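Each chain is listed here by its residues.
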Amino acid sequence: MTDPDGDPTADFLAEVRAEQTPWRTDRPVDAEGPEQAGQTARPGRFSKVGRAVGEAAPYVQAALFAAWIATSVADSGDSSGGMNGGQSG
């Protein structure tokens, strides 16, 4: 299996390496493959949902950012306390 001077890793890889796949000669290059022949151009339900989610993502992100800013402003307004404490002098 291995020579004393040979590389055992190369010998192992030569044993387990798959054979070279022969090029297809039974179908011309420009012909449709079997995986493309049955497909139609009509988009499916999942691609429509994915497109809708992708189009809505910037708006969702902007809404979350606006909500974060609003809660930050509300929290900072609650902690001011000293200016108008609600107590009359």
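Procedures and definitions
- Residues numbered from 1 in each chain as written.
- Predicted model: local features only at pLDDT ≥ 70, side-chain atom pairs only at ≥ 80, totals over all residues.
- Heavy atoms only, no water.
- Helix = DSSP H or I, 4+ residues; strand = E, 2+ residues; numbered from the N terminus.
- Buried < 20%, exposed > 50% of the residue type's maximum accessible area, 1.4 Å probe, protein only.
- Areas by Shrake-Rupley, 256 points an atom, 1.4 Å probe, with all protein chains shown as cover.
- pLDDT = per-residue confidence, 0-100.
- Phe/Tyr/Trp six-rings, centres within 6.5 Å; stacked < 30°, edge-to-face > 60°.

S.K.: Go over the overall build of the chain, please, and point to the residues and values.
M.R.: Helix and strand content of the chain: three helices and zero strands. The secondary structure elements of the chain, listed N-terminal to C-terminal, are α-α-α. Counting all 89 residues of the chain, 1% fall into the buried class. When the accessible surface of the chain is split by element, carbon and sulfur atoms take 58% of a total near 8700 Å².

S.K.: Run through the confidence of the model for the chain, naming residues and quoting values.
M.R.: When pLDDT drops low, the exact placement of atoms in the prediction is not to be read closely. When pLDDT is averaged across the chain, the result is 75; 55% of the residues are at 70 or more. Per-residue pLDDT, averaged within each element of the chain, yields its smallest value for helix α2 (residues 34-37) (58) and its largest for helix α3 (residues 45-78) (90).

S.K.: Requested: an account of the packing of aromatic side chains, with residues and values cited.
M.R.: One pass over the full model with this rule turns up one aromatic pair. Summarising the aromatic geometry, the rings of Phe65 and Trp68 are spaced 5.8 Å apart at their centres and angled 40 degrees between planes, so their arrangement reads as tilted. Of this pair, Phe65 and Trp68 are both found in helix α3, three residues apart, which corresponds to roughly one turn of the helix. Relative accessible area serves as the criterion here: at 53%, Trp68 is assigned to the exposed category.

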